Amino acid sequence: QVQVLESGGGLVQAGGSLRLSCTASGRTFSRYNMGWFRQAPGKEREFVAARSWSGISISYADSVKGRFTISRDNAKNTVYLQMNILKPDDTAVYYCAADSSYYGDNQREYDYWGQGTQVTVSS
C-alpha cells in the first residue's frame, strides 16, 4: 500500500550541495521511521542516515556526519537529505526507506523502499 519515491539527485562538483527529497503515499507515512541508504557501482548498499518519525532519534554514518542532515516537512509529506561538502566518494544511487516500527541502520529491517536517485560528484 505504501509507495516511496526519491528525487533531487544530479551532478555536482566536489564541495557542492544537493538536497534529496523522499515522498510517500500511505496513511501511516507521517509515523514512519525513515532511512537513507546509498549504493555505489560494484559495492553493497550502505547506511547513510536515519530519523524516527518523531525526530527524537537521528543517526548518521560516520562518513557523512557533519555534512549530511536528515529532516522532515510534515506539511509537504516529505523527508529530506541535505548533503553538503559533497565528495567523489558520495557518488551513488541514494535510496529512501521507511518502516512503521524499526529505527536504525539495518537495511534488512526496513519494509518499504524507493527506486533510488542518482548522485554524481565530480572531482
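Structure: see above.
Summarised in this report is the structure supplied together with it.

Rules used in this analysis
Residues numbered from 1 in each chain as written. Predicted model: local features only at pLDDT ≥ 70, side-chain atom pairs only at ≥ 80, totals over all residues. Heavy atoms only, no water. Pairing = 2+ DSSP bridges. Helix = DSSP H or I, 4+ residues; strand = E, 2+ residues; numbered from the N terminus. Axes fitted to C-alpha atoms, helices over the stretch in contact; angles between N-to-C directions. Contact = heavy atoms within 4.5 Å. Polar contact = N/O pair within 3.5 Å; in protein donor to acceptor, adjacent residues only side chain to side chain. Disulfide = S-S within 2.5 Å. Buried < 20%, exposed > 50% of the residue type's maximum accessible area, 1.4 Å probe, protein only.

Reading across the sheet, the four strands line up as β1-β3-β8-β7 and stay open at both edges, with antiparallel pairing between neighbours. What marks the edges here is a single partner per strand, and that holds for β1 (3–7) and β7 (68–73). Between one strand and the next, the sheet's axes are offset by a mean angle of 20°, whatever the strand orientation. Where strand β3 (residues 18–25) lies against strand β8 (residues 78–83), six bridges are found, and the strand directions are antiparallel.

On to the environment of glutamate 46. Residue position: glutamate 46 is located in strand β5 (residues 46–51). Distance in space between the C-alpha atoms of glutamate 46 and aspartate 105 is 8.6 Å, their sequence separation being 59 residues. Aside from chain neighbours lying at most four places away, what touches glutamate 46 is Phe37, Arg38 and Gln107. For glutamate 46, the side chain forms a polar contact with the side chain of arginine 38, separated by 2.8 Å.

Now for the state of the cysteines. Using the criterion set out here, one finds one disulfide in the structure. Across the disulfide, cysteine 22 is cross-linked to cysteine 96 (sulfur-sulfur distance 2.1 Å). Judged by the torsion about the S-S bond (-80°), the cysteine 22/cysteine 96 disulfide is left-handed. Residue cysteine 22 is located in strand β3, and its partner cysteine 96 is located in strand β9 (residues 92–99); the two are separated by 74 residues in the primary sequence. For cysteine 22, a relative accessible area of 0% gives the class buried.

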